[in-house]
Amino acid sequence: MIRGNFLLPVLLLAGLLLSNRAFAQPTESTRLFERMVEQVTAQEEALIALRHDIHRHPEVSGEEERTAGLVAEHLTALGFDVRTGVGGHGVVAVLEGNRPGAIVAFRADMDAVPSTAEDPVEYRSVIPGVRHICGHDVHTTVGVGLAEGFAAVKDDLPGSVMLIFQPAEERGIGANAMLAEGAFDTITPEAIFALHTAPYNVGTVATVAGGMMSGRASIAVTVRGAGDLIEAASTVREAIEGVGTHPPQMAGMIAPKGFIMVNLFPQRGTAGGNIVIQGQIMAAGYEDRARAKAAVLDTLKALDLPGITLETAYNERFMEGVNNDAALVNLANSGIQALAPTVGIETVSGAVPAFSEDFGSFQARVPGVMYFLGVSNPETGTVGMPHSPTYVADDGSILVGTHAMLAAMLTRMMNN
Ligand SMILES: [Zn+2]
């Protein structure tokens, strides 16, 4: 009987504490977020000027010295602890807050792409044959925008921020090079985010839980023996190709979940008379990649080829794709909705089969989410389809991306 009387005030008190906690947190994040946005908004013109400067002076994979120098200078001035020359021209910058919270990273890639097509913007590239047609100038500028925002609230920052400026993404080697040279050794982030420009309209970001860009496995099958090698090689090719759920020439940009795409190169014979079949097998998330590997190896094992031996080399992690952590997608999306409600959030309807990204190398170490950042502008008629000759990323995407990432990162920092 006492219990009943006792329980009610306890429940009321617990309810009060819980509701206080529930209200206190959004208020505090809102207050911090508004201060960050105020600083970033004040810096908008400077950020656009920085983006145009980087765009005018594009540097291909491995040669990002000038871009990295600009970034390091800005971040040092903002009070970040800056390490340069990590895995090539990589920059790792850390800002430690004064209050407890998670360590959250953002990765921007810095390299440009060879392109001889005319650059349609006023701030056109002055380097012949090189252009930012993948939007890495925007990613880098957003990284500096984040530095501006977080530095403005350093004394009240819950947790720490790590900004990673990566070289050589277009060659798919920069992320691994940075990790091999200890990007995460001194401080390991608990979550990591990234953006990639995409032909959504400016004002929008988009993501999906699980596989968002295909990872690539490499395969090499050596066919040898006393039997009919040509016949055997053709059987092996057909068997591997049969594992694919889509023909190699996929029409659309987006493939449904669960796709496996097989792309075998023209085969070649070796000096010893053997035939080698090589290629790549693309699938989106880790599960699909494991499924593809098992299917290929089981299929090859089941082949009945008298007098023939097959030697298979299968590298499942030839190139990491983008594989977003589901819980982090939910948390980050809710943070963006609550703090930056003007940013539209779309769900990517499937994985992009033909494009890949080495951001997945970071995601293989810590939970991470990549967002597509809308950079197309129907009013000006410009479209931001990466690697297309007419690629244009609207300047308005810089603040959209910065706001979205500030919201996502702050939310994760405070949910520790
Ligand atoms: Zn890119």
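Starting afresh in each chain, residues are numbered from 1 along the sequence in its written order. Local features are withheld for residues below a pLDDT of 70 in this predicted model, meaning they are given only at 70 or higher, and side-chain atom pairs are given and counted only at 80 or more; totals for whole chains, interfaces and linings count all residues. Heavy atoms from the whole structure form the basis of all side-chain values; hydrogens and water molecules are not counted.

Q: Just to check I follow, could you spell out the overall build of the protein chain for this structure?
A: What the protein chain contains, in helices and strands, is 10 helices and 17 strands. Relative accessibility decides the category of a residue: with a 1.4 Å probe and only protein chains considered, values under 20% of the type maximum give buried, values over 50% give exposed, and everything between is partly exposed. In the protein chain, buried positions account for 53% of the 416 residues. Whether two residues touch is decided by their heavy atoms; if any such pair falls within 4.5 Å, the residues are in contact. Here the analysis covers contacts within the protein chain between residues at least 6 apart in sequence; of these, 80% occur between residues at least 24 apart. Using the Shrake-Rupley algorithm and a 1.4 Å probe, accessible areas are obtained, with residue cover drawn only from the displayed protein chains. For the protein chain, the exposed surface amounts to about 18100 Å²; the carbon and sulfur share of it is 55%. The distance from the centre of the 26 positive side-chain charges to the centre of the 45 negative ones in the protein chain is 6 Å. Each helix corresponds to a stretch of at least 4 residues labelled H or I by DSSP, and each strand to a stretch of at least 2 residues labelled E; elements are numbered beginning at the N terminus. Neither His nor the chain ends contribute to the count of charged residues, in which Lys and Arg are positive and Asp and Glu negative. We put the charge of a Lys on NZ, of an Arg on CZ, of an Asp on CG and of a Glu on CD.

Q: Looking at this model, I keep getting lost on the pairing of strand β8 (residues 204-207). Mind explaining?
A: Here is the key point about a regular strand: its side chains alternate between the two faces of the sheet. What you see with β8 is no split at all: Thr 204 and Ala 206 on one side and Val 205 and Thr 207 on the other are buried throughout. By the convention used here, strands pair only if DSSP detects at least 2 bridges between them. Sheet topology places β8 next to strand β17 (residues 368-376); two bridges connect them, and they run antiparallel. Within β17, the position partnered with Ala 206 by the bridge is Phe 372.

Q: How do you make sense of the sheet that holds strand β7 (residues 191-201) when you look at a structure like this?
A: Within a sheet, neighbouring strands are paired by backbone hydrogen bonds and run either parallel or antiparallel to one another. One open sheet accounts for eight strands, arranged β1-β2-β6-β3-β7-β17-β8-β16; its pairing is mixed. Every interior strand has two partners, whereas the edge strands, β1 (81-86) and β16 (344-347), have only one. Across the sheet, the axes of successive neighbouring strands diverge by a mean angle of 25°, strand direction being ignored. Note: strand β3 (residues 99-109) against strand β6 (residues 158-166), eight bridges, orientation parallel. Pairing of Ala 105 across the sheet is with Met 162, part of β6. Lines fitted to C-alpha atoms define the axes, with helix axes restricted to the stretch in contact, and inter-axis angles between N-to-C directions lie between 0 and 180 degrees. Packed onto the sheet, helix α3 (residues 65-77) meets β1, β2 (90-96) and β6 and runs at close to 165° relative to β1. Relative to the sheet, helix α4 (residues 136-152) contacts β2, β3, β6, β7 and β17, its axis offset from that of β3 by approximately 160°.

Q: Honestly, the environment of Pro 100 in this entry has me stumped. Any pointers?
A: Topologically, Pro 100 is positioned in strand β3. Along the chain, Pro 100 and Met 414 lie 314 residues apart, while their C-alpha atoms are 8.5 Å from each other.

Q: How should helix α7 (residues 286-302) be read in this particular structure?
A: In an α-helix, one turn spans 3.6 residues; hence positions three or four apart end up facing the same way. Over its 17 residues, α7 extends 24 Å from the first C-alpha to the last, a length consistent with the 24 Å expected when each residue adds 1.5 Å. Of all the positions in α7, only Asp 288, Arg 289, Ala 292, Val 296 and Leu 300 are classed as buried. Mapping the buried residues of α7 onto a view down its axis gives an arc of 105°, with all of them on the same face. What points out from α7, more than 90 degrees from its buried face, is the exposed set Glu 287, Lys 301 and Ala 302. Each residue after the first adds 1.5 Å to the expected span of a helix. Here the arc refers to the directions that run from the helix axis out to each C-beta atom.

Q: For this particular structure, what's the right way to read the environment of Arg 83?
A: Locating Arg 83 in the fold gives a position in strand β1. Considering only alpha carbons, one finds Arg 83 and Val 94, 11 residues apart in sequence, at a separation of 8.7 Å. Not counting residues within four places of it along the chain, the set of residues in contact with Arg 83 comprises Gly 90, Val 91, Val 92, Glu 181, Gly 182 and Ala 183. Here a polar contact means two N or O atoms within 3.5 Å. Within protein one must be a hydrogen donor candidate and the other an acceptor candidate, and residues neighboring in sequence count only if both atoms are side-chain atoms. Reaching out from Arg 83, the side chain makes a polar contact with the backbone oxygen of Glu 181 at a distance of 2.7 Å.

Q: Is there a simple way to think about the confidence of the model for the protein chain in this case?
A: Across the protein chain, the average pLDDT comes to 90, with 90% of residues at or above 70. Per-residue confidence from the prediction method is given by pLDDT, with values spanning 0 to 100. Within the model, the stretch residues 1-24 combines pLDDT values under 50 with zero contacts to residues more than four positions away or in other chains.

Q: Before we go on, may I ask you to explain the side chain of Asn 333 in this structure?
A: Structurally, Asn 333 can be placed in helix α8 (residues 326-339). Once residues lying within four places of it in the same chain are set aside, the contact partners of Asn 333 are Thr 207, Ile 345 and Tyr 371.

Q: I tried to follow the nonpolar core on my own but got confused; where do I start?
A: Side chains of nonpolar character tend, in soluble globular proteins, to be buried together. In this structure, Phe 106, Phe 150, Leu 163 and Phe 193 are the most contacted members of the largest nonpolar core, which totals 65 residues. Top contributing element to this core by residue count: helix α10 (residues 397-414), with 12 residues. Take the buried Ala, Val, Leu, Ile, Met, Phe, Trp, Tyr and Cys residues and link them wherever side-chain atoms come within 4.5 Å; each set so joined is a nonpolar core. Of all hydrophobic cores here, the second largest spans 26 residues; its members include Val 86, Val 94, Met 162 and Val 366.

Q: Before we go on, may I ask you to explain the domain arrangement of the protein chain in this structure?
A: Accessible area lost upon the coming together of the parts serves often as the stated size of an interface. Once the domains are mapped, the protein chain shows domain 1 (24-212 + 321-414) and domain 2 (215-319). Between the C-alpha centres of domain 1 and domain 2 there is a distance of 35 Å. Taken together, the 22 residues of domain 1 in the interface contact 16 residues of domain 2. By buried area we mean how much accessible surface two parts lose on assembly, using a 1.4 Å probe and totalling the loss over both. Across the domain 1/domain 2 interface, buried area totals approximately 1400 Å², and carbon plus sulfur atoms make up 61% of it. One speaks of a salt bridge when a side-chain nitrogen belonging to Lys or Arg is within 4 Å of a carboxyl oxygen belonging to Asp or Glu. Seen at the junction of domain 1 and domain 2, the total is zero salt bridges. Gly is placed with the polar residues, together with every amino acid not listed as nonpolar (Ala, Val, Leu, Ile, Met, Phe, Trp, Tyr, Cys and Pro) or charged (Asp, Glu, Lys and Arg). Its residues placed into classes, the side of domain 1 that touches domain 2 shows 11 nonpolar, nine polar and two charged. As annotated, the domain borders come from an automatic or database domain assignment.

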